[in-house]
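Descriptive analysis of the structure
Spelled out from the first residue to the last, the chains are:
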Amino acid sequence: MGDYRGPETGEALVRSLYAEHGRSLLAYATRLTGDRAAAEDVVQETLLRAWKHADDLTAGKGSVRGWLLTVARNIVTDRARARAVRPTEVGDVEDRPPVEADHSESVVNTMVVLDALDQVSPEHREVLVQLYYRGRSVAEAAKELGVPPGTVKSRSYYALRALRAVMAPGPGAEVSR
């Protein structure tokens, strides 16, 4: 290679380097990065550094291709190290439920149900508390209350009807038994 001094000759150097080594440099960078677009960026950066170090390349010391491949490998290594040092980016966390803005509705609903429970018979209230608040099965509630399971089932049926009648009074809201 001749004496490349000045911007015009530096551009000529880059053009000749790309013409002579561009294809193999791109193939090498693609193997290192696994990504064609990233490899093209590496080749561009390599040629930019070749332009900045035109004097070293034209001095005739060593292989130009070896210098280009070494620079490309160093660029890939530097980029990998830079990515490893950066904290990982965190996207939106989707496994958390959205924050409820106001829980007053659930508080009001709880108060309404508790008030309605106070208005049903003690037998109905006991069955509902055992089944729904304590989470017991019909057999467990029957054992706790000392009544047969069939009685727990029928009381829960009529207790829910009575609770519904208390909470939404209207025509036909009578409950017997």
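Residues numbered from 1 in each chain as written. Predicted model: local features only at pLDDT ≥ 70, side-chain atom pairs only at ≥ 80, totals over all residues. Heavy atoms only, no water.

Structural notes on the overall build of the protein
When helices and strands are tallied, the protein shows eight helices and zero strands. Its helices and strands taken in sequence order, the protein reads α-α-α-α-α-α-α-α from the N to the C terminus. In the protein, 53% of the contacts between residues at least 6 apart in sequence involve partners at least 24 apart. If you sum the accessible surface of the protein, you get close to 12700 Å²; carbon and sulfur atoms cover 52% of it. (Helix = DSSP H or I, 4+ residues; strand = E, 2+ residues; numbered from the N terminus. Contact = heavy atoms within 4.5 Å. Areas by Shrake-Rupley, 256 points an atom, 1.4 Å probe, with all protein chains shown as cover.)

Quick notes on the packing of helix α6 (residues 122-133) against helix α7 (residues 138-145)
Where α6 contacts α7, the axes come no closer than 9 Å and their chain directions differ by 135°. In terms of orientation, α6 and α7 fall into the oblique class. Remark: the crossing between α6 and α7 carries right-handed chirality. Of the residues in α7, those touching α6 at E126, V127, Q130 and L131 are V138, A141, E144 and L145. (Axes fitted to C-alpha atoms, helices over the stretch in contact; angles between N-to-C directions. Parallel < 35°, antiparallel > 145°, perpendicular 65-115°, else oblique. Left-handed = near helix turned anticlockwise from the far one by under 90°.)

Observations regarding helix α4 (residues 64-85)
If you check α4, its first and last C-alpha atoms are 32 Å apart, about what 22 residues at 1.5 Å a residue would give, namely 32 Å. Of all the residues in α4, the buried ones are V64, L68, V71, A72, I75 and V76. Looking straight down α4, one finds its buried side chains confined to an arc of 135°; they lie on one side. Among the exposed residues of α4, those oriented more than 90 degrees off its buried face are R81, A84 and V85. (Expected span 1.5 Å × (residues − 1). Buried < 20%, exposed > 50% of the residue type's maximum accessible area, 1.4 Å probe, protein only. Arc of directions from axis to C-beta.)

Points about the nonpolar core
Of all hydrophobic cores here, the largest spans 19 residues; its most connected members are L17, V42, V43, L57 and L68. If we ignore the near neighbours within four places in the chain, the residues touching V43 are Y18, L25, L26 and A29. Listed in part, the seven residues of the second largest apolar core include L117, L128, A162 and L163. (Core = buried A, V, L, I, M, F, W, Y, C linked by side-chain atoms within 4.5 Å.)

Observations concerning the packing of aromatic side chains
Taken as a whole and judged by the stated rule, the model has one aromatic pair. With a centroid separation of 5.0 Å and 85° between ring planes, the pair formed by Y157 and Y158 is classed as edge-to-face. (Phe/Tyr/Trp six-rings, centres within 6.5 Å; stacked < 30°, edge-to-face > 60°.)

Examining the environment of T30
Within the secondary structure, T30 is located in helix α1 (residues 6-33). Note: C-alpha distance between T30 and V43 (13 residues apart in sequence) is 9.5 Å.

What about the packing of helix α2 (residues 36-52) against α4?
Closest axis-to-axis distance for the α2/α4 pair is 9 Å, and the angle between their directions is 125°. It follows that α2 is oblique to α4 by the angle criterion. Crossing handedness for the pair α2 and α4: right-handed. On the side of α2, the interface is formed by A38, D41, V42, E45, T46, R49 and A50, while α4 contributes W67, L68, V71, A72, I75, V76 and R79. Partitioned by chemical class, the residues of the contact of α2 with α4 number nine nonpolar, one polar and four charged. (Nonpolar A, V, L, I, M, F, W, Y, C, P; charged D, E, K, R; others polar.)

Side note on the confidence of the model for the protein
On average, residues of the protein carry a pLDDT of 82, and 82% of them reach 70 or more. No element of the protein has a lower mean pLDDT than helix α3 (residues 54-58), at 76, and none a higher one than α7, at 92. Confidence over residues 1-5 falls short of pLDDT 50; this stretch has 13 contacts with residues more than four positions distant or in other chains. (pLDDT = per-residue confidence, 0-100.)

So, the environment of D55
As for its position among the elements, D55 is in helix α3. Expressed as a C-alpha distance, the spacing of D55 and G10, which sit 45 residues apart in the sequence, is 9.5 Å.

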